[in-house]
Amino acid sequence: MRFPTLAAACALLAAAPPLAAQITVSGQRNLAFGPVIKGVATHVSPNDPVKSGQFRFVTAIGNTIRLRFTLPTRLNGPSGARLTISFGSTDGIAVGTAANSVPATFNPNAAQTYNIVTSTTINVFLGGTVSPTANQAVGAYPNTIT
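Residues numbered from 1 in each chain as written. Predicted model: local features only at pLDDT ≥ 70, side-chain atom pairs only at ≥ 80, totals over all residues. Heavy atoms only, no water.

## Some thoughts on the sheet that holds strand E10 (residues 121-126)
Line of reasoning, step 1. In space, the five strands of this open sheet follow the order E1-E3-E10-E7-E8, with antiparallel pairing throughout. With partners counted over all chains shown, the strands left at the sheet margins are strand E1 (23-29) and strand E8 (104-106), one partner each. On average, each strand axis in the sheet is inclined to that of its neighbour by 20°, with strand direction left out of account.
Line of reasoning, step 2. Alignment of strand E7 (residues 92-96) against E8, held across three bridges, turns out to be antiparallel. Bridged to Gly92 within E8 is Phe106. (Pairing = 2+ DSSP bridges. Helix = DSSP H or I, 4+ residues; strand = E, 2+ residues; numbered from the N terminus. Axes fitted to C-alpha atoms, helices over the stretch in contact; angles between N-to-C directions.)

Structure follows, in structure tokens:
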């Protein structure tokens, strides 16, 4: 009696796709502010088609995804210089690629959960604000969003 039950359970496990095949995530574009003016805060909207950051998620209809970002509070520049970066409550947008997908604005500082119902591919766009000081050192200021 135990053997048929075990065989049925094994068949169900074998039919399920491997966990790694259920979702893929890829970076499409870096969040890029370009040149900024010393002492003047610069905001990039998640709607910006060139400067906003973009991630792409591919998963099956019916799945639920949870977006949770680790966001930096500073960018690191030349000779130890730092540039403050922040993310506001509307600096994230998630939208599927299906014609009937509706963009969802979200706060990238807080975890978000989405049920996948219309599109297997979801694009997530991120904006943000940098606040250079009046004596900010000139140079490139990178950091990582995970």
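## Focus on the pairing of strand E11 (residues 128-131)
Line of reasoning, step 1. Here strand E2 (residues 42-44) runs beside E11; their pairing, made up of three bridges, is antiparallel. Residue Val44 lies in a different strand from E11, and its bridge partner there is Gly128.
Line of reasoning, step 2. Note: strand E6 (residues 82-86) against E11, three bridges, orientation antiparallel. Bridge pairing in E11 links Ser86 to Thr129.

## A short note on unusual backbone geometry
Line of reasoning, step 1. For Ser79, which is not a glycine, the phi torsion comes out positive at approximately 55°.
Line of reasoning, step 2. Residue position: Ser79 is located in the loop between strand E5 (74-76) and E6.
Line of reasoning, step 3. Take Ser79: its relative accessible area is 83%, and that puts it in the exposed class. (Buried < 20%, exposed > 50% of the residue type's maximum accessible area, 1.4 Å probe, protein only.)

## Some details on the environment of Ala134
Line of reasoning, step 1. Relative to the assigned elements, Ala134 resides in the segment after E11.
Line of reasoning, step 2. You can call Ala134 exposed: its relative accessible area is 66%.
Line of reasoning, step 3. As for Ala134 and Val40, which are separated by 94 residues in sequence, their C-alpha atoms are 7.8 Å apart.

## Remarks on the side chain of Ser52
Line of reasoning, step 1. Here Ser52 shows up in the loop between E2 and strand E3 (53-59).
Line of reasoning, step 2. Its relative accessible area of 0% is what places Ser52 among the buried residues.
Line of reasoning, step 3. Within the structure, Ser52 has its side chain in polar contact with the backbone oxygen of Asp48 (distance 2.6 Å).
Line of reasoning, step 4. With residues near it in sequence (within four places) discarded, Ser52 still touches Arg29, Asn30, Leu31, Val44, Ser45, Pro46, Phe125 and Leu126. (Polar contact = N/O pair within 3.5 Å; in protein donor to acceptor, adjacent residues only side chain to side chain. Contact = heavy atoms within 4.5 Å.)

## Comments concerning the packing of aromatic side chains
The geometry of an aromatic ring pair comes down to the distance between the two centres and the angle between the two planes.
Line of reasoning, step 1. Applying the stated criterion to the full structure yields three aromatic pairs.
Line of reasoning, step 2. Measuring from ring centre to ring centre gives 5.6 Å for Phe55 and Phe69, while their planes differ by 45°; the resulting arrangement is tilted. Linking Phe55 in strand E3 with Phe69 in the loop between strand E4 (64-67) and E5, this pair joins segments that are 14 residues apart in sequence. Here Phe55 and Phe69 have matching classes, each one buried.
Line of reasoning, step 3. Look at Phe69 and Phe106: their rings are 6.5 Å apart centre to centre, the planes differ by 10°, and that puts the pair in the stacked class. Separated by 37 residues along the polypeptide, Phe69 in the loop between E4 and E5 and Phe106 in strand E8 bring together distant segments of the chain. With respect to burial, Phe69 and Phe106 carry one shared label: buried.
Line of reasoning, step 4. In this structure an aromatic cluster arises from ring pairing among Phe55, Phe69, Phe106 and Tyr114. (Phe/Tyr/Trp six-rings, centres within 6.5 Å; stacked < 30°, edge-to-face > 60°.)

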